[in-house]
Amino acid sequence: MGQLDGKVAFITGAARGQGRSHALRLAQEGADIIGVDLCEQVGTVRYAMSTPEDLAETAKLVEDLDRRIVTRQADVRDLGALQAAFDAGIAELGRVDIVLANAGIANQVGGEPDDEERGWQDVIDINLTGVYHTVKAAAPRMIEQGDGGAIVLTSSTQGLSGRGGDGGGAYSGYAAAKHGVVGLMRSFAHWLAPHNIRVNTVHPTGVNTPMVVNPQLEAWMNENPEKGDALANLLPVEMVEAVDISNAILYLVSDAGRYVSGVTLPVDAGFSAK
């Protein structure tokens, strides 16, 4: 018996990184998955983003755990497309119990000066408005079911602190969006509490995923060594693993966290205490 037997989780950014890890960890505990990802490059993002092949690999790994999964390519900036992807999953899997608004970008690396405004807008549109769209697409179904549920929005240590920030539009946009996610969480927690739907945020430090471990970010850190000190963890680890975030999310969405709502949970190797 798994902790999530009979549950269905809707996960954005599921093709790789944290999203794939969350899909696999929840599937290990018995959940079926609706997995969505853009699987295209965003112009202001300098590292290579996920591909359709990545999303197919997530599907295979979930199926290897003897769980069902429905995957669709959709842009969280496009509410209509995201709603269609969610509805396709519901048509096949029948319900939704867990929502993980995980999709996000980090686009503060490189680019021309005229990219700054576009970078700001892209990161706000994906990391903040995309989270709003994710909940907007799924919450009405959760309310209609009448069985409660759990929603986790992925913020960041930058949603609790401005450490390492500067005047650059994209970087400041990242911090602003991740702070905004906390505001959404608190608003949603009030809205959905009467329906026994819990809403929380998780706040990772640097995670060992392609969004963080890539040549573009490495070059940027070498050019800006002061950022390394500003973004360092309290514990003697450079970054955490995706499964560390997945395990925290498992607690928040399982019965173990049944009375936890409206909290900002850091999984940050002490970053927030430093």
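Check the entry above for the structure.
Residues numbered from 1 in each chain as written. Predicted model: local features only at pLDDT ≥ 70, side-chain atom pairs only at ≥ 80, totals over all residues. Heavy atoms only, no water.

K.L.:
Just to check I follow, could you spell out the overall build of the protein for this structure?
P.N.:
The number of helices and strands found in the protein is eight helices and seven strands. In terms of C-alpha radius of gyration, the protein reaches 18 Å, essentially the compact-globule figure of 19 Å for 274 residues. Expressed as lengths along the three principal axes of its C-alpha atoms, the size of the protein is roughly 50 × 35 × 35 Å. Expressed as a percentage of the 274 residues in the protein, the buried residues total 53%. Of all intrachain contacts in the protein linking residues separated by at least 6 positions in sequence, the fraction that spans at least 24 positions is 78%. Looking at the protein as shown, the accessible area adds up to about 11,600 Å², and 51% of this sits on carbon and sulfur atoms. (Helix = DSSP H or I, 4+ residues; strand = E, 2+ residues; numbered from the N terminus. Rg over C-alpha atoms; globule rule 2.2 N^0.38 Å. Buried < 20%, exposed > 50% of the residue type's maximum accessible area, 1.4 Å probe, protein only. Contact = heavy atoms within 4.5 Å. Areas by Shrake-Rupley, 256 points an atom, 1.4 Å probe, with all protein chains shown as cover.)

K.L.:
Explain the environment of Thr 157 to me, please; I cannot follow it from the model alone.
P.N.:
With respect to the element layout, Thr 157 can be found in the loop between strand E5 (149-154) and helix H5 (169-192). Judged by its relative accessible area of 6%, Thr 157 falls in the buried class. Between the C-alpha atoms of Thr 157 and Phe 10, which are 147 residues apart in sequence, the distance is 23 Å. Other than its neighbours up to four places away in sequence, Thr 157 contacts His 203, Pro 204, Thr 205, Asp 268, Phe 271 and Ser 272.

K.L.:
What am I meant to see in the packing of aromatic side chains here?
P.N.:
Between two aromatic rings, the relevant description is the distance of the centres plus the angle of the planes. In total, this model carries two aromatic pairs according to the counting rule given. Residues Phe 188 and Trp 191 carry aromatic rings whose centres are separated by 5.8 Å and whose planes lie at 55 degrees to one another, so their mutual orientation is tilted. With a gap of three residues between them, Phe 188 and Trp 191 both fall in helix H5, about one helical turn apart. Owing to a relative accessible area of 39%, Trp 191 belongs among the partly exposed residues under this scheme. The lysine or arginine in question, Arg 163, covers the ring of Phe 271, its NZ or CZ lying 3.7 Å from the ring centre. (Phe/Tyr/Trp six-rings, centres within 6.5 Å; stacked < 30°, edge-to-face > 60°. Lys NZ or Arg CZ within 6 Å of the ring centre and 35° of its normal.)

K.L.:
Explanation requested: the packing of helix H1 (residues 17-28) against helix H2 (residues 52-64) in the structure shown.
P.N.:
To characterise two packed helices, one gives the angle between the axes of the helices and the distance between these axes. Relative orientation of the contacting elements H1 and H2 amounts to 15 degrees, with a least axis distance of 10 Å. Taken together, the axes of H1 and H2 are roughly parallel relative to one another. Handedness of the crossing formed by H1 with H2: right-handed. The residues of H2 that touch H1, namely those facing Arg 20, Ala 23, Leu 24 and Ala 27, are Asp 54, Glu 57, Thr 58, Leu 61 and Val 62. Classifying every residue of the contact of H1 with H2 gives five nonpolar, one polar and three charged. (Axes fitted to C-alpha atoms, helices over the stretch in contact; angles between N-to-C directions. Parallel < 35°, antiparallel > 145°, perpendicular 65-115°, else oblique. Left-handed = near helix turned anticlockwise from the far one by under 90°. Nonpolar A, V, L, I, M, F, W, Y, C, P; charged D, E, K, R; others polar.)

K.L.:
Honestly, the side chain of Asn 233 in this entry has me stumped. Any pointers?
P.N.:
On the secondary structure map, Asn 233 appears in the loop between helix H7 (225-230) and helix H8 (242-253). Within polar-contact distance, the side chain of Asn 233 engages the side chain of Thr 205 at 2.6 Å. Of note is the side chain of Asn 233, whose polar atom sits 2.8 Å from the backbone oxygen of Val 237. Once residues lying within four places of it in the same chain are set aside, the contact partners of Asn 233 are Thr 205, Glu 238, Met 239, Asp 268, Ala 269, Phe 271 and Lys 274. (Polar contact = N/O pair within 3.5 Å; in protein donor to acceptor, adjacent residues only side chain to side chain.)

K.L.:
Which parts of the structure should I look at to understand the pattern of salt bridges?
P.N.:
Side-chain pairing between opposite charges can occur once the charged atoms of the two side chains come close. Evaluated as defined, the whole model comprises eight salt bridges. Residue Asp 122 pairs with Arg 77 through a salt bridge whose shortest N-O separation is 3.8 Å. A residue pair is termed long-range when its members are at least 10 positions apart, and Asp 122 in helix H4 (residues 115-145) and Arg 77 in the loop between strand E3 (69-73) and helix H3 (79-93) qualify at 45 residues. The exposure class assigned to Arg 77 is partly exposed, which follows from its relative accessible area of 30%. The structure contains a network of salt bridges with shared partners spanning Asp 32, Arg 67 and Arg 68. (Salt bridge = Lys/Arg side-chain N within 4 Å of Asp/Glu carboxyl O.)

K.L.:
I keep staring at the pairing of E3 and nothing clicks. Help me out?
P.N.:
Along any regular strand the residues' side chains alternate between the sheet's two faces. As paired elements, strand E2 (residues 32-37) and E3 share five bridges and run parallel to each other. Note that in E3 the partner of Gly 35 across the bridge is Thr 71. In this region the chain leaves E2, passes through H2 and returns to the parallel neighbour E3; the handedness of that crossover is right-handed. (Pairing = 2+ DSSP bridges. Right-handed = clockwise from strand over helix to strand, strands pointing away.)

Any functional reading would require information beyond the geometric quantities listed.
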